[in-house]
Amino acid sequence: MEVILSYNWNVYKVFKSGKRAKTPFCVIECESKAKAKEKFLDEHLSGKDSKLCKYIWSFVRSDLSQE
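For the structure given in this document, a descriptive report is provided here. Computed from a predicted structure; not experimentally measured.

## Here's the deal with the packing of aromatic side chains
Per the counting criterion, the structure on display carries six aromatic pairs. Here phenylalanine 15 and tyrosine 55 contribute two aromatic rings whose centre-to-centre distance is 6.1 Å and whose plane-to-plane angle is 90 degrees, an arrangement assigned as edge-to-face. In this pair, phenylalanine 15 is assigned in the loop between β1 (7-14) and β2 (26-30) and tyrosine 55 in the loop between α2 (50-53) and β3 (56-61), connecting sequence segments 40 residues apart. Residue tyrosine 55 is classed as partly exposed on the basis of its relative accessible area of 25%. Look at phenylalanine 40 and phenylalanine 59: their rings are 5.7 Å apart centre to centre, the planes differ by 80 degrees, and that puts the pair in the edge-to-face class. Here phenylalanine 40 is found in helix α1 (residues 33-45), whereas its partner phenylalanine 59 is found in strand β3, with 19 residues between them in sequence. Accessibility assignment for this pair places phenylalanine 40 and phenylalanine 59 in one class, buried. A connected cluster of aromatic rings, assembled from ring pairs, spans Phe15, Phe25, Phe40, Tyr55, Trp57 and Phe59.

Encoded structure:
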């Protein structure tokens, strides 16, 4: 039996200035950063207005340093 580790990923909005928001926009549970990005795009940005699409998003594992 194979055990798949799942992590919580904090999703931060990155502004045009390059500064990241202080608090996460949301938290996504996934096995990898790539899957977290895919899940975020599907759940939070698909079909939404372009306001959220104009930002850059940063994904940081919640169990690691957030700096």
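## Let's talk about the environment of tyrosine 12
You can see tyrosine 12 is positioned in strand β1. Residue class for tyrosine 12 comes out buried when judged on its relative accessible area of 4%. Separated by 24 residues in the primary sequence, tyrosine 12 and alanine 36 place their C-alpha atoms 12 Å from one another. Not counting chain neighbours up to four residues away, the residues in contact with tyrosine 12 comprise Arg20, Ala21, Lys22, Thr23, Pro24, Phe25, Ile56, Trp57, Ser58, Val60 and Gln66. Among the polar contacts made by the side chain of tyrosine 12, one reaches the side chain of glutamine 66 at a distance of 2.7 Å.

## Some words on the sheet that holds β1
Taken in spatial order, the three strands of this open sheet run β2-β1-β3, and their pairing is antiparallel. Whereas interior strands pair on both sides, the edge strands pair on one side only; in this sheet they are β2 and β3. The sheet shows a mean angle of 35 degrees between the axes of neighbouring strands, direction not considered. Relative to β3, β1 is paired through six bridges, and the arrangement is antiparallel. Bridge pairing in β3 places tyrosine 12 opposite serine 58.

Reading the values: rules and limits
Residues numbered from 1 in each chain as written. Predicted model: local features only at pLDDT ≥ 70, side-chain atom pairs only at ≥ 80, totals over all residues. Heavy atoms only, no water. Phe/Tyr/Trp six-rings, centres within 6.5 Å; stacked < 30°, edge-to-face > 60°. Helix = DSSP H or I, 4+ residues; strand = E, 2+ residues; numbered from the N terminus. Buried < 20%, exposed > 50% of the residue type's maximum accessible area, 1.4 Å probe, protein only. Contact = heavy atoms within 4.5 Å. Polar contact = N/O pair within 3.5 Å; in protein donor to acceptor, adjacent residues only side chain to side chain. Pairing = 2+ DSSP bridges. Axes fitted to C-alpha atoms, helices over the stretch in contact; angles between N-to-C directions.

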